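Close look at the chain arrangement
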Amino acid sequence: MAGLADQSTIATTGLVLAGVKYLVIPGDPGVVLRGKKGADGVTVKKTATALVVGFYGAGAQPGDATGCVEALGDYLLAQGI
């Protein structure tokens, strides 16, 4: 959560999720956090009560994967979740 709020601190150390360290790609501070490792990546979107986390691998288009995670997060926000 701290890395989501202040991406500058996590940018120097990297984002570690499920034991994998990702290079941080700037997102919307406090709302979206993105990470990349080779062809793999992750997007985290904060809603009112949850974190939506989406992982993608080789063969997936990063923009499509990120768009899906952010769209689901936006939907949940619209529902008050």
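Our structure's up above, just so we're on the same page.
A few points on the structure. Keep in mind the model is a prediction, meaning the values are calculated, not measured. (Residues numbered from 1 in each chain as written. Predicted model: local features only at pLDDT ≥ 70, side-chain atom pairs only at ≥ 80, totals over all residues. Heavy atoms only, no water.)

The next subject is a nonpolar patch on the surface. On the surface, M1, L51, V53 and F55 cluster together into a nonpolar patch covering about 410 Å² of accessible area. For V53, the position within the fold is in strand β5 (residues 51-56). On the basis of relative accessibility, which here comes to 41%, the residue V53 falls in the partly exposed class. (Patch = residues over 30% accessible without salt bridge, like charges linked within 9 Å, V, L, I, M, F, W, Y side chains within 5 Å. Areas by Shrake-Rupley, 256 points an atom, 1.4 Å probe, with all protein chains shown as cover. Salt bridge = Lys/Arg side-chain N within 4 Å of Asp/Glu carboxyl O. Helix = DSSP H or I, 4+ residues; strand = E, 2+ residues; numbered from the N terminus. Buried < 20%, exposed > 50% of the residue type's maximum accessible area, 1.4 Å probe, protein only.)

This paragraph deals with the nonpolar core. Within soluble globular proteins, side chains that are nonpolar tend to cluster in buried spots. L4, I10, L15, Y22, V24, L33, V42 and V44 together form the largest nonpolar core, which totals eight residues. If you list the elements that add at least two residues to this core, you get β2 (20-25) and β4 (40-46). Every residue in contact with L33, bar those within four places of it in the chain, is listed here: G3, L4, Q7, I10, L15, V24, V42, T43 and V44. (Core = buried A, V, L, I, M, F, W, Y, C linked by side-chain atoms within 4.5 Å. Contact = heavy atoms within 4.5 Å.)

Tracing the backbone shows T66 in helix α3 (residues 62-78). Polar side-chain contacts of T66 include one of 3.0 Å to the side chain of T43. Apart from the residues lying within four places of it in its own chain, the contact partners of T66 are R34 and T43. (Polar contact = N/O pair within 3.5 Å; in protein donor to acceptor, adjacent residues only side chain to side chain.)

The subject of this paragraph is the pairing of β5. Across the two faces of β5 the burial differs, with V52, G54 and Y56 buried and L51, V53 and F55 not buried at all. Here six bridges tie β4 to β5, and the two strands are oriented antiparallel to one another. Within β5, the residue paired with V42 across the bridge is F55. In this antiparallel pair of consecutive strands, β4 and β5, the connection spans four residues. (Pairing = 2+ DSSP bridges.)

Moving on, we come to the sheet that holds strand β3 (residues 32-37). What the five strands build is an open sheet, ordered β1-β2-β3-β4-β5; its pairing is antiparallel. In the strand order of this sheet, the two ends are held by β1 (15-17) and β5, each with one partner. Pairs of neighbouring strands in the sheet enclose a mean axial angle of 30 degrees, with direction left out of account. Pairing of β2 with β3, which is carried by three bridges, proceeds in the antiparallel orientation. Paired with I25 across the two strands is R34, which belongs to β3. Packing against the sheet, α3 makes contact with β3, β4 and β5, and its axis sits at approximately 15 degrees to β4. (Axes fitted to C-alpha atoms, helices over the stretch in contact; angles between N-to-C directions.)

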